[in-house]
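Structure assessment
Here are the chains, one letter per residue:
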Amino acid sequence: ANSNLFFQQKPDTYGRKGPCIQAKVMLPLQCLAYGVSPRVFSDYFQMSITLARTCFIHFINDTTTIYSNKYLCMPSKIQIEQILSLHESVHGVPGLLGSLDCLHCKWHQCPK
């Protein structure tokens, strides 16, 4: 976050100090933790809704830029085998490579 000029505290148009760095970083973290939009915490961090959304967008973009090469890469064949065996031992579902939350399957006994 130090390399991005957005996350530095700067004065606004009237010469007043803008939001502190901690608020610009904590707002997106709170939004991700609770799964809500930046609008929810804009009052708590004393920011406009536009600035809260901008903080969130910058945080996501910077985080993706910094960590994408290491954490957002395709797994190797060995890693895939390890993931498959782990899911099978933990969940009892062979061949599961994704999240259980993302599965879309029919449940025949679903009450209607």
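Here's what I pulled together on the structure shown here. What you see is a predicted model, and the numbers here were worked out from it, not measured in a lab. (Residues numbered from 1 in each chain as written. Predicted model: local features only at pLDDT ≥ 70, side-chain atom pairs only at ≥ 80, totals over all residues. Heavy atoms only, no water.)

Thoughts on the overall build of the chain
The number of helices and strands found in the chain is 4 helices and 0 strands. Starting at the N terminus, the α and β elements of the chain follow one another as α-α-α-α. Here the chain, with 112 residues, has 18% of them falling under the buried criterion. Counting contacts in the chain only where the partners sit at least 6 residues apart, residues at least 24 apart contribute 31% of the total. Accessible area of the chain: about 9200 Å², with a carbon and sulfur share of 59%. (Helix = DSSP H or I, 4+ residues; strand = E, 2+ residues; numbered from the N terminus. Buried < 20%, exposed > 50% of the residue type's maximum accessible area, 1.4 Å probe, protein only. Contact = heavy atoms within 4.5 Å. Areas by Shrake-Rupley, 256 points an atom, 1.4 Å probe, with all protein chains shown as cover.)

Regarding the layout of surface pockets
What the largest pocket holds in volume is close to 160 Å³. Around the largest pocket sit Phe-6, Gln-8, Lys-10, Pro-11, Asp-12, Arg-16, Lys-17, Gly-18, Pro-19, Lys-24 and Leu-51, which together line it. Classifying every residue of the lining of the largest pocket by side-chain character gives 4 nonpolar, 2 polar and 5 charged. (1 Å grid on protein atoms, 1.4 Å probe; cavity = no way out; pocket = protein on both sides within 12 Å on 5 of 7 lines; lining within 4 Å. Points joined across faces, edges and corners; volume = space filled by probe spheres on them. Nonpolar A, V, L, I, M, F, W, Y, C, P; charged D, E, K, R; others polar.)

Here's the deal with the packing of aromatic side chains
Here the structure, examined in full by the defined rule, presents 4 aromatic pairs. Summarising the aromatic geometry, the rings of Phe-41 and Phe-45 are spaced 6.5 Å apart at their centres and angled 65 degrees between planes, so their arrangement reads as edge-to-face. For the pair Phe-41 and Phe-45, a shared accessibility class is recorded, and that class is buried. A centroid spacing of 5.1 Å and a plane angle of 90 degrees characterise the contact between Tyr-44 and Phe-45, whose relative ring orientation is edge-to-face. Residue Phe-45 is classed as buried on the basis of its relative accessible area of 17%. (Phe/Tyr/Trp six-rings, centres within 6.5 Å; stacked < 30°, edge-to-face > 60°.)

Section: the packing of helix α1 (residues 21-34) against helix α3 (residues 49-71)
Packing of α1 against α3 brings their axes to within 9 Å, and their N-to-C directions diverge by 80 degrees. It follows that α1 is roughly perpendicular to α3 by the angle criterion. Every residue of α3 that contacts α1 at Lys-24, Val-25, Leu-27, Pro-28, Leu-29, Cys-31 and Leu-32 is listed here: Ala-52, Cys-55, Phe-56, Phe-59 and Ile-60. A per-class count over the contact of α1 with α3 returns 11 nonpolar, no polar and 1 charged. (Axes fitted to C-alpha atoms, helices over the stretch in contact; angles between N-to-C directions. Parallel < 35°, antiparallel > 145°, perpendicular 65-115°, else oblique.)

Details of α3
Between its first and last C-alpha, α3 extends 30 Å over 23 residues, near the 33 Å set by a 1.5 Å rise per residue. Buried-residue contacts for α3 involve α1 and α2 (39-42). (Expected span 1.5 Å × (residues − 1).)

A look at the environment of Ala-52
The topology assignment puts Ala-52 in helix α3. Classification of Ala-52 by relative accessible area gives buried; the value is 0%. The sequence separation of Ala-52 and Ala-23 amounts to 29 residues, and the corresponding C-alpha distance is 9.4 Å. The residues contacting Ala-52, other than those within four sequence positions of it, are Leu-27, Pro-38, Ser-42 and Met-47.

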